[in-house]
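# Summary of structural features
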Amino acid sequence: MNAIAFGALRDSHVTLSHGGGGKAMADLIETVFFPAFGPGSGEDQARLTADALCEPGARLALTTDSFVVTPLEFPGGDIGKLAVCGTVNDLAVGGARPLWLSAAFIIEEGCEIALLQRVVASMAREAVLAGVRIVTGDTKVVGRGSADGLFVTTSGVGVIPAGRDLAAARIRPGDVVLVNGVLGDHGAAILAARGDLALSTDLVSDCQGLGHLMEAVLAAAPGTRAARDATRGGLAAALNEMALAAGCGIEIREDALPLRPEVRGVCEILGLDPLYLANEGTMVLFVPEAEAEAALTAMRSRPEGQGAAIIGRAVAASEGGAHTARVQMVTSFGGRRIVDRLVGEQLPRIC
């Protein structure tokens, strides 16, 4: 899975000929992509089978996402790792067991071949960790200035076992809200990595796959209602989406939110709100109160859940004034603050 030498490629940078359908394109695919993902079948599609598809009551789950993060490489990951983790996580939080991914690459003329190899090797490593296969893909090359180095689009297919039905609409008042780790690391790390503000920090992105963690939680707390990965828009966006679907309020506690001092510091300096910072390895779950401790213990038993915490609860729509704001936070001073959806863009090109 390691990056390899340029082999048949004569150029150190991608040229338009690498997207032209001829020998140069074949050299690019055979030198960069095949060593990482395996040789293709020569057909225009992947042909797939899995025992899980034959289980009575099993359902397919399909998701797709595009990634345009800048910089392409950042502390804790790169656009390739981000693409695999993001797609795997979208499947996992719906209760699906991720199986297969597709990957499409929009490559700008002038992109370094070495960079492309590192990104592809990163995707391959992360796929192995997540237990998925990258089974089909595509490449396109666009002229200088038509993209920003590299864009990646991934789609994922997973299987939801019979009996699993995770959905925000199932959340009920009294359910407990948990997160698996600290908030805002990805957004803060990306901001620092861009170098525009001369910030000095050791923060790294929380980018990680959550499939194995989700399986552990569901084994310990089979009554889990719903889960969502808190990516763009951060925790605030995820909670607002879930509250709207559930038709109930959500109350979180400021003093229970797991935040690194470095993230707090970055937000204070720049006037940002950590509730809206993106995460790429953090999910929020709702479980019945009776299963909350079991879910918390299961999360903390996994590396991806070492920082797990209970941060709040679902409430009736009229409780605590939640009829005017679906998500509220009880502040450290005992007051209440509305946690609304983000207006505008706090930090663009985050994923």
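Here, the structure is the one placed above.
Here's a quick rundown of the structure. In this text the structure is predicted, and so the values were computed from the model without any measurement. (Residues numbered from 1 in each chain as written. Predicted model: local features only at pLDDT ≥ 70, side-chain atom pairs only at ≥ 80, totals over all residues. Heavy atoms only, no water.)

## Thoughts on the overall build of the protein
Short version of the rule: Counting from the N terminus, the helices are the DSSP runs of H or I reaching at least four residues and the strands are the DSSP runs of E reaching at least two. Restricting the calculation to C-alpha atoms gives the radius of gyration, and the globule rule supplies 2.2 Å times the number of residues raised to the power 0.38. Each residue is placed in one exposure class: buried if its accessible area under a 1.4 Å probe, protein chains only, is under 20% of its type's maximum, exposed if it is over 50%, and partly exposed if it falls in between. Contact criterion: two residues are considered in contact whenever any of their non-hydrogen atoms come within 4.5 Å of each other. The accessible surface values rely on the Shrake-Rupley method and a 1.4 Å probe; as for residues, cover is taken only from the protein chains in view.
Summing up its helical and strand segments, the protein has 8 helices and 13 strands in all. In terms of C-alpha radius of gyration, the protein reaches 21 Å, essentially the compact-globule figure of 20 Å for 351 residues. For the protein, the spread of C-alpha atoms along the principal axes amounts to about 65 × 55 × 30 Å. Within the protein, the proportion of its 351 residues that are buried is 48%. Counting contacts in the protein only where the partners sit at least 6 residues apart, residues at least 24 apart contribute 84% of the total. Put simply, the protein shows about 15400 Å² of open surface, and 52% of that area lies on carbon and sulfur atoms.

## Focus on helix α1 (residues 23-37)
Condition: Helix span, expected: 1.5 Å multiplied by one less than the number of residues in the helix. Two axes define the bend at a residue: one fitted to the seven residues ending there, one fitted to the seven starting there, and the bend is the angle between them.
If you check α1, its first and last C-alpha atoms are 20 Å apart, about what 15 residues at 1.5 Å a residue would give, namely 21 Å. Maximal helix bending in α1 amounts to about 35°, located at Glu30. Among the structural elements, β4 (97-108), α3 (113-130) and β5 (133-142) are those in contact with the buried residues of α1. Within two residues after α1, Gly38 carries a phi angle of roughly 95°, on the positive side.

## Let's talk about the state of the cysteines
Convention followed: For the purposes of this analysis, a disulfide is any pair of cysteine sulfur atoms at a distance within 2.5 Å.
Overall, the coordinates contain 0 disulfides when judged by the stated rule. A disulfide-free cysteine, Cys207 has its sulfur positioned 3.9 Å from the sulfur of Cys85, the nearest such atom. A relative accessible area of 4% places Cys207 in the buried class. Of the cysteine sulfurs around Cys267, a residue in no disulfide, the closest is that of Cys351, at 17 Å.

## Focus: unusual backbone geometry
Omega for the bond connecting Thr70 with Pro71 falls within 30 degrees of zero, at 0°, which places this linkage in the cis form. Turning to its location among the elements, Pro71 is positioned in the loop between β1 (59-67) and β2 (73-74).

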